[in-house]
Amino acid sequence: MFITVTGEKKEVKDGITIGELLAQEKVQTPEYVTVSVNDEFVEGEGRDATVLKDGDSVEFLYFMGGGAAWL
Amino acid sequence: MAEIKADETVDVTHLVCPNTFVKAKVVLDELDEGQILAVRLNDGEPAQNVPRSLKEEGHQILSLDENGDGTYTLYVKKVGD
Amino acid sequence: MALTDEQIERYSRHILLKEVGSKGQKKLLEAKVVIIGAGGLGCPVGLYLAAAGVGTIGVADADVVDLSNLQRQVAHTTADLGKPKVESLKESIQAINPDVKVNTYQEFIDSSNIRQIIRDYDFVIDGTDNFAAKFLINDACVMEKKPFCHAGILRFNGQLMTYIPGQGPCYRCVFKEMPPKDAIPTCRQAGVIGAMAGVIGCLQAMEAVKFITGAGKLLVGELQTYDGLNNVFRKVKLPPCNGKCAVCGDNPTITELVDYEQPTCELKH
């Protein structure tokens with residue numbers, strides 16, 4: 001099946017979970033990455049249970065610091 | 001032609017483009033909808049560009065009168081707020 | 001307040017814009033923006049807001065200019081090494097536009113002073129580099145009902161979003177809680193392209209200008225991301241606050257500000 005991952009269409013195995021997708025995409029420190037599926041957030045505990053469907057759109061939102069030194 | 005009575009006048013003959021239009025626009029911004037501004041401008045680029053730019057912003061050009069001294073007077077009616 | 005001839009000329013490229021005009025320029029001249037962090041992001045934000053004629057700019061940072069800052073913090077120069085960043089940025093701002101009033105806060109921004117500082121301003125820029133400060137700014141802005149623009153940069157990537165009270169999710173709606181110490185690399189450990197600070201800082205300045213003038217659409221309910229290596233700008237839709245957010249939700253559990261532990265490798269000079 002095909003899903004969209006951070007804007008790019010990808011073929012993934014049927015029945016893939018968010019947890020599996022995070023591993024497959026080699027997302028670093030996935031526990032600190034916010035995940036949304038079809039514009040809804042999926043909390044950490046629900047990720048292994050959430051099975052993706054054909055056509056789903058998944059976004060990974062990363063913590064990003066930067067800017068000035070510590071105030 | 002009928003005399004147009006302006007609510008406000010501005011002279012931009014000492015300015016160059018785009019400041020001619022900018023100055024006219026600033027003065028026009030202060031007027032109320034429907035009021036008329038008379039703009040004195042030089043022949044050439046200002047006389048071409050200022051009416052066109054004011055028209056593009058949605059204002060109504062009433063007339064562009066030659067003053068006989070190389071300058072023009074543009075009458076523009078403010079449209080919208 | 002009428003614009004002077006000098007102001008009309010200085011801001012002519014703004015006044016030419018239908019979305020700004022002299023009315024928008026007057027709003028800019030009357031606006032007050034505070035920039036928290038006078039570093040990679042804060043420098044371009046400060047310079048562009050100064051050039052834009054934002055009447056009052058607050059600058060908060062406790063740090064001094066270090067040689068390693070100059071690769072990206074473009075308002076500071078080699079001659080400014082060792083100088084407080086707030087002073088250096090103030091000088092750059094006033095060199096561009098002497099009409100701008102600059103308030104400097106050369107102090108550590110924490111739970112004891114942030115609400116007091118931001119209260120006086122219309123818009124807040126988060127130009128900080130660490131999550132403790134980012135959550136503090138978010139929570140303080142939610143409590144004070146202040147709009148702010150968050151941004152972060154790392155390596156070749158950057159992101160930003162804008163919070164407007166009552167109109168969309170806050171930073172905590174998206175990122176929930178402070179990550180533990182060292183869980184996430186910072187640009188101090190991982191590096192960052194200097195121009196990334198410029199790209200994202202300029203986008204923050206754009207948000208502030210749009211907020212002040214009312215032009216266009218703000219990044220509310222959207223996270224703008226930029227991948228510099230692949231030249232990809234994306235807007236990621238953020239769900240609206242579901243009412244459960246710990247600070248902006250219906251029953252907030254965070255009602256007082258707390259100081260989170262500072263990240264490790266805080267290089268105090």
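This one's a predicted model, so the numbers in the text were calculated from it and none came from an experiment.

Caption draft 1: Quick peek at the overall build of chain C. What chain C contains, in helices and strands, is 10 helices and eight strands. Considering only C-alpha atoms, chain C reaches an extent of 55 × 45 × 40 Å along its principal axes. Burial statistics for chain C: of 269 residues in total, 57% are counted as buried. Here chain C displays about 11,200 Å² of accessible surface, and carbon together with sulfur accounts for 52% of that area. Separation between the mean location of the 29 positive side-chain charges and that of the 30 negative ones in chain C comes to 6 Å.

Caption draft 2: A look at the packing of helix α1 (residues 19-29) of chain B against helix α2 (residues 45-56) of chain B. Residues and elements named next belong to chain B. Axis separation between α1 and α2 bottoms out at 9 Å; the angle between their running directions is 40°. Between α1 and α2, the angle is such that the two are oblique. Crossing handedness for the pair α1 and α2: right-handed. Across from T20, F21, A24 and L28 in α1, the residues of α2 making contact are P46, V50, S53 and L54. In terms of residue class, the contact of α1 with α2 is built from six nonpolar, two polar and no charged.

Caption draft 3: Highlighting the interface of chain C and chain A. The interface is formed by 52 residues belonging to chain C together with 21 residues belonging to chain A. For the pairing of chain C and chain A, the buried interface totals around 2,900 Å² over both sides, and the portion due to carbon and sulfur atoms is 64%. Counting the surface chain C buries against chain A, the share from its top three residues, F175, R234 and P239 of chain C, is 18%. Across the pair R234 of chain C and E59 of chain A runs a salt bridge, and its minimum N-O distance is 2.5 Å. Connecting chain C to chain A are five residue pairs in polar contact (both at pLDDT 80 or more). Broken down by secondary-structure element, the contributors of at least two residues to the side of chain C that touches chain A are α7 (131-144), β5 (148-154), β6 (157-163), α8 (171-175), α9 (187-190) and β8 (232-237) of chain C. The class makeup of the residues in the side of chain C that touches chain A is 28 nonpolar, 13 polar and 11 charged.

Caption draft 4: Molecular detail of the packing of helix α3 (residues 21-30) of chain C against helix α10 (residues 194-213) of chain C. Residues and elements named next belong to chain C. Two elements in contact, α3 and α10, have axes separated by 9 Å at closest approach and are oriented at 110°. Here α10 runs roughly perpendicular to α3, going by the angle between their axes. As for how α3 packs across α10, the hand of that crossing is right-handed. Here G24, K27 and L28 of α3 lie close against α10, whose contacting residues are V209, I212 and T213. Class assignment of the residues belonging to the contact of α3 with α10 gives a composition of three nonpolar, two polar and one charged.

Caption draft 5: Just the sheet that holds strand β3 (residues 34-37) of chain A, in detail. Residues and elements named next belong to chain A. The five strands lie next to each other as β2-β1-β5-β3-β4, forming an open sheet whose pairing is mixed. Both outer strands of the open sheet, β2 (8-11) and β4 (40-42), are each paired with one neighbouring strand and no more. Put simply, the sheet's adjacent strands are angled 35° from each other on average, direction ignored. For strand β1 (residues 2-5) and β2, the ladder comprises four bridges, and the chain directions are antiparallel. Residue pairing across strands places F2 opposite E11, the latter belonging to β2.

Caption draft 6: Molecular detail of the packing of aromatic side chains. Residue and element names in this part refer to chain C. Enumeration over the complete set of coordinates arrives at 10 aromatic pairs over all chains. Centre to centre, the rings of F123 and F211 are 5.1 Å apart; their planes meet at 35°, and the pair counts as tilted. Highlighted residues: F123 in strand β4 (residues 123-126) and F211 in helix α10, separated in sequence by 88 residues. Take F123: its relative accessible area is 0%, and that puts it in the buried class.

Caption draft 7: Highlighting α7 of chain C. Residues and elements named next belong to chain C. Taking 1.5 Å as the rise per residue, α7 with 14 residues should run 20 Å; its terminal C-alpha atoms sit 19 Å apart, in good agreement. Near the N-terminus of α7, the side chain that reaches the backbone nitrogen of A132, with its oxygen 3.2 Å away, is that of N130. K145 sits one or two positions beyond α7 and adopts a positive phi of about 55°.

Caption draft 8: Spotlight on the confidence of the model for chain A. Across chain A, the average pLDDT comes to 90, with 93% of residues at 70 or higher. Taking the mean pLDDT of every element in chain A, the minimum, 94, falls on β4 of chain A and the maximum, 97, on β1 of chain A.

Caption draft 9: Looking closely at the sheet that holds strand β2 (residues 36-42) of chain B. Residue and element names in this part refer to chain B. The four strands lie next to each other as β1-β2-β4-β3, forming an open sheet whose pairing is mixed. Every interior strand has two partners, whereas the edge strands, β1 (8-11) and β3 (60-66), have only one. Adjacent strand axes in the sheet meet at a mean angle of 20°, parallel and antiparallel pairs treated alike. In this sheet, strand β4 (residues 71-77) lies alongside β3 in antiparallel orientation, the contact comprising six bridges. Bridge pairing in β4 links I61 to V76.

Scoring rules and cut-offs
Residues numbered from 1 in each chain as written. Chains lettered and ligands numbered in written order. Predicted model: local features only at pLDDT ≥ 70, side-chain atom pairs only at ≥ 80, totals over all residues. Heavy atoms only, no water. Helix = DSSP H or I, 4+ residues; strand = E, 2+ residues; numbered from the N terminus. Buried < 20%, exposed > 50% of the residue type's maximum accessible area, 1.4 Å probe, protein only. Areas by Shrake-Rupley, 256 points an atom, 1.4 Å probe, with all protein chains shown as cover. Lys, Arg positive; Asp, Glu negative; His and termini not counted. Charge placed at Lys NZ, Arg CZ, Asp CG, Glu CD. Axes fitted to C-alpha atoms, helices over the stretch in contact; angles between N-to-C directions. Parallel < 35°, antiparallel > 145°, perpendicular 65-115°, else oblique. Left-handed = near helix turned anticlockwise from the far one by under 90°. Contact = heavy atoms within 4.5 Å. Nonpolar A, V, L, I, M, F, W, Y, C, P; charged D, E, K, R; others polar. Buried area = accessible area lost by both parts, 1.4 Å probe. Salt bridge = Lys/Arg side-chain N within 4 Å of Asp/Glu carboxyl O. Polar contact = N/O pair within 3.5 Å; in protein donor to acceptor, adjacent residues only side chain to side chain. Pairing = 2+ DSSP bridges. Phe/Tyr/Trp six-rings, centres within 6.5 Å; stacked < 30°, edge-to-face > 60°. Expected span 1.5 Å × (residues − 1). pLDDT = per-residue confidence, 0-100.

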